[in-house]
Structure formats: structure tokens, C-alpha cells
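# Analysis of the macromolecular model
Chain residues, written in single-letter form:
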Amino acid sequence: MAKEQRISVTEEEVTRNGHTVTVLTVGKNEIGYIQTEEDRFLAYVAGATTAHRFKTMDDATNFLISEYHLHRA
């Protein structure tokens, strides 16, 4: 069975293209960012241009973390 490792995810508010977004990072690597749009949250995986829409900030954050775990080397 694989050893469980803990990671530290950091949230930081920054301005991109005139919008305030929440950037999620693990160490020095950005895993994605979340932008609010009306009553929804748009999650963008780092390096992607397609947004995934969520009802809550927690859902968007969990999506980005799960994508990070799924695709990291």
C-alpha cells in the first residue's frame, strides 16, 4: 500500500486581466485558479483555457486539488 503524503495548498488573491482571482499553489507550482462570475465559481486548471463551473468555492477548490493529484507525475 502506498504511503500517505500530506501536501500544503496555498490560496492567494491576485488580479489577472482586471479580475480578482484565487490562485491555488502547491509549493512553488500553481495548480490552477478560481474566478467568480455572478453566483458561480469558474475553476481553471493551470495551463488550460477551459473553465469548469461550480456552485461553491469549496467545490471548485476540491476539483483543482483532485486534478492535481490525478495528473501529477
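All of the points below concern the structure found in this document. Just so it is clear, the structure is predicted and the values come from calculations on it, not from any experiment.

## Describing unusual backbone geometry
Backbone geometry at asparagine 17 places phi at a positive 50°, although glycine is not the residue there. Mapped onto the elements, asparagine 17 comes out in the loop between β1 (9–16) and β2 (19–26). For asparagine 17, a relative accessible area of 77% translates into the label exposed. Positive phi, normally seen in glycine, also occurs at glutamate 38, with a value near 55°. Within the fold, glutamate 38 resides in the loop between β3 (29–37) and β4 (40–45). Here glutamate 38 falls in the exposed class, since its relative accessible area comes to 82%.

## Focus on helix α1 (residues 57–71)
End to end, α1 covers 21 Å across 15 residues, agreeing with the expected 21 Å (1.5 Å per residue, within 8%). For α1, the set of buried residues is Ala60, Thr61, Phe63, Leu64 and Tyr68. In a view along the axis of α1, the buried residues occupy a sector of 155°, so they form one face of it. Exposed residues on α1 whose side chains face more than 90 degrees from its buried face are Asp58 and Leu70. Structurally, α1 contributes buried residues whose contacts are with β1, β2, β3, β4 and β5 (52–54).

The rules behind the values
Residues numbered from 1 in each chain as written. Predicted model: local features only at pLDDT ≥ 70, side-chain atom pairs only at ≥ 80, totals over all residues. Heavy atoms only, no water. Helix = DSSP H or I, 4+ residues; strand = E, 2+ residues; numbered from the N terminus. Buried < 20%, exposed > 50% of the residue type's maximum accessible area, 1.4 Å probe, protein only. Expected span 1.5 Å × (residues − 1). Arc of directions from axis to C-beta. Contact = heavy atoms within 4.5 Å.

Keep in mind these values describe shape, not function.
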